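Next come the chains, spelled out residue by residue.
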Amino acid sequence: MSALWSVGAGLLLLLLWVRHRGLEAVLVHHRWVFVCFFLLPLSILFDIYYQLRAWAVWRLHSAPRQHAQRVRHIQEQVREWKKEGSRRYMCTGRPGWLTVSLRVGKYKKTHKNIMINLMDVLEVDSERQVVRVEPLVSMGQLTAYLNPMGWTIPVVPELDDLTVGGLIMGTGIESSSHIYGLFQHTCVAYELVLADGSLVRCSPTENSDLFYAVPWSCGTLGFLVAAEIKMIPAKKYVKIHYQPVRGLQKICEKFTEESKKKENSFVEGLMYSLDEAVIMTGILTDEAEQSKINRIGNYYKPWFFKHVEKYLKADRTGVEYIPSRHYYHRHTRSIFWELQDIIPFGNNPVFRYLFGWMVPPKISLLKLTQGEAIRKLYEQHHVVQDMLVPMKSLEKSIQTFHVDLNVYPIWLCPFILPNNPGMVHPKGNESELYVDIGAYGEPKSKQFEARASMRQMEKFVRSVHGFQMLYADCYMTREEFWDMFDGSLYHKLREEMNCKDAFPEVYDKICKAARH
C-alpha cells in the first residue's frame, strides 16, 4: 500500500511541476519526462494488443477467410466514391500519425478516406518459397511469424513497425541489399484495388507494367491489398565482423570492397566522423562459439550503435555471433540513434536494466503527441534523410553530407539496383551498386538552414544520378523531382488507368508545398 502512495505522490508532484513549467515548455525542453512516464507505457499496451491479435488470428486461421471479405469492402468504398461523382482524390483512411515517416501530411483531411484494415499474414508457401501478406503487416510481426518455421525474407528493413505496404509503395533497404536489392526487388506479385474498383494481380509476367510502376508510387496508382514476397531459409545466428577504419578514402575503399563480395550475407557501415568508421560484415550460420554470442536485442544490452563504437575507441577488430532476429532489428531499440536526443540517458546501464524493456516508444505516438512547437523545431533543426547514390560517388557524397549537414553517426548500406522499368533504376543498361547514406539527427554545420541546405543536397544527389527516399521532407520543384525520378511508365499508367481523377500525383503527395 505504501508503494502505491509513493507512486501516487510522485505522479502528483510531476503533474504540479508540469503545470508550473507549462505543458508546451515541458514537451519541448524536457520531452523525456512525457516520453518516459506516458508514451513508453502506452507503447507497451499497443504492442500487447497487436501481439494478442496476431496470436488469435494465427490460432483461429481466420486471416485468409476474412481477407476476401475485407477486399470486397474496399472495392465497395471505391465504387461508392464513383457514385458520389469522384469529386475528391482518394487515399487510405489510416491516420497520418500511425505511419513511421516523420512527415506530417495534411491531404487526409481533404481526400476521401478509404478504410483498409489489412494487417495479417495470409499464407506461407514453402514449396514456392513465398509468403503472401496484407499491406499493414509489420517487419517485427513478419519475422516473429516466419522464424519459428525456419524461414525469413531476404531483406528485413530495420525498424519493427515498418509495414509491407509502406516498404513497397515507398521503399526499404537492409544490409543484405547488396545481394537482393531493395525491398521491392524481393516481391514477386502485388494485388491492388484500382480506381474503378476492380481487383488486379500483377507480377513480372502478368500486368508487368503495373508491377514495375507500383514501387515508389506512394499509393497513387491503386490500393495495395496483398503482396507476395520471396522467402529464404533462416539460420540461427549472424557471425558479424567489426573492422574499424580511419581515413575517408580507406573507409570508402574498404566499404566498396566488402559490398562487392557476395559471400558476405550482410554489409553495413557506421561513420562516427568524417574519417572514422566501423565496417561490419556478416554471414548467416547455424553454428556459434558460445563465448562470443551476443544477444544484442535483449532490453538490458547497450544500444547497438554504442556497442559498435567501442571497437572504434579501442581500435580493435572483433567477431560476435548475434541471434538472427536480434540482428535484423538491431537498431530498433534506439531508433538508430534518434532516441538519444529524446531520452539522453537512455543508454545508461541503470535505465536499461530498470526500464529498457519498455523501449522504444512508438514512432507513431511520438508523432501524435509532438505538437506544433516540436514539429517546427524538428523541421528547422533536425534531419532524417536517406539519399541513395552510386557507390562510385560515395566519397564525394560523404564530403557533401559533412559540409551541408555535419550529422554523425552516418549509416552506410549498400544495395544492388537492377535495371528494371519504373521510377528508380540505374542510368546505364546494367545493374549498378548503390549505397544508402542515412543522416539522422541535429546538424552541426554552422550554415545549416533546413530548406536551403536540403535543396543543395537534393541538387547534388540529382547530379550523380541518385535518389531521395520519399518518406522524408522533399524540397524539390516538380521539374526537379521528375528529373531525379523516371516518370515515363508511371505517367503512362496513370493515364491508362484513369488515376488522374482518383489519386494525386506522387509529387503532390510528398512535397513540402502539399502540406501547407
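Note that the structure is predicted; figures quoted are calculated from it, not measured. (Residues numbered from 1 in each chain as written. Predicted model: local features only at pLDDT ≥ 70, side-chain atom pairs only at ≥ 80, totals over all residues. Heavy atoms only, no water.)

**Q** Explain unusual backbone geometry here, please?
**A** Glycine aside, the phi torsion of most residues is negative, and most peptide linkages are trans. Cis peptide bonds are those with omega within 30 degrees of zero, and the linkage from V359 to P360 qualifies with 5 degrees. For P360, the position within the fold is in the loop between α13 (349-355) and α14 (363-368). The residue after Y408, namely P409, is reached through a cis peptide bond having omega 0 degrees. Along the chain, the position of P409 falls in the loop between α16 (394-404) and β15 (410-417). Phi is positive for N406, close to 55 degrees, though the residue is something other than glycine. (Helix = DSSP H or I, 4+ residues; strand = E, 2+ residues; numbered from the N terminus.)

**Q** What exactly am I supposed to notice about the UniProt feature "transmembrane region" (unreviewed entry) in the chain here?
**A** The UniProt record marks residues 32-50 with the feature "transmembrane region" (unreviewed entry), using the residue numbering of this structure. Between the C-alpha atoms that bound residues 32-50 the distance is 25 Å, and the span itself is 100% helix and 0% strand. (UniProt positions renumbered as here; feature names shortened; annotations may be inferred.)

**Q** Any chance you could explain the packing of aromatic side chains here in plain terms?
**A** Two descriptors summarise a pair of aromatic rings, namely the distance from one centre to the other and the angle between the planes of the rings. Under the defined criterion, the tally for this structure stands at 25 aromatic pairs. Relative to Y440, the ring of W337 lies with its centre 5.7 Å away and its plane at 40 degrees, an arrangement referred to as tilted. You can see W337 sitting in the loop between α11 (324-328) and α12 (339-342) and its partner Y440 sitting in strand β16 (residues 432-441), a full 103 residues away along the chain. Taken individually, W337 and Y440 each receive the classification buried, so the pair is uniform in this respect. On the basis of an interplanar angle of 70 degrees and a centroid distance of 5.4 Å, the ring pair of F345 and F351 is categorised as edge-to-face. Judged by its relative accessible area of 9%, F351 falls in the buried class. One aromatic cluster is present, built from ring pairs that chain together W216, F415, Y434, F467, F481, W482, F485, Y490 and Y507. In this arrangement the basic side chain of R330 is found over the ring face of Y327, its NZ or CZ atom lying 4.1 Å from the centre. (Phe/Tyr/Trp six-rings, centres within 6.5 Å; stacked < 30°, edge-to-face > 60°. Buried < 20%, exposed > 50% of the residue type's maximum accessible area, 1.4 Å probe, protein only. Lys NZ or Arg CZ within 6 Å of the ring centre and 35° of its normal.)

**Q** Honestly, the environment of L489 in this entry has me stumped. Any pointers?
**A** Inspection of the secondary structure puts L489 in helix α19 (residues 488-496). Sequence-wise, L489 and R94 are 395 residues apart; in three dimensions their C-alpha atoms are separated by 27 Å. Ignoring sequence-local partners within four residues, the contact set of L489 consists of D209, Y212, A213, P421 and G422. (Contact = heavy atoms within 4.5 Å.)

**Q** Would you mind going over the sheet that holds strand β11 (residues 266-273) with me for this structure?
**A** Strand pairing in a sheet takes place through backbone hydrogen bonds and is either antiparallel or parallel in direction. Here eight strands make up an open sheet; going across it, the order is β13-β10-β12-β11-β15-β16-β14-β17 and the pairing antiparallel. The sheet is open, and its two edges are formed by β13 (318-323) and β17 (467-468), each paired on a single side. Both β15 and β16 contribute to a ladder of eight bridges, which runs antiparallel. Residue P414 lies in a different strand from β16, and its bridge partner there is V435. In the packing of helix α10 (residues 304-314) onto the sheet, the strands contacted are β10 (237-246), β11, β12 (276-285) and β13, and the crossing angle to β10 comes to about 50 degrees. (Pairing = 2+ DSSP bridges. Axes fitted to C-alpha atoms, helices over the stretch in contact; angles between N-to-C directions.)

**Q** What is the right way to look at the nonpolar core in this model?
**A** A general feature of soluble globular proteins is that nonpolar side chains tend to end up buried together. In terms of nonpolar packing, the biggest core is built from 146 residues, with Y190, L210, F481 and F485 touching the most fellow members. Setting aside chain neighbours within four positions, we find Y190 in contact with I168, Q184, V200, R201, C202, F211, V214, P215, L224, A226 and A227. (Core = buried A, V, L, I, M, F, W, Y, C linked by side-chain atoms within 4.5 Å.)

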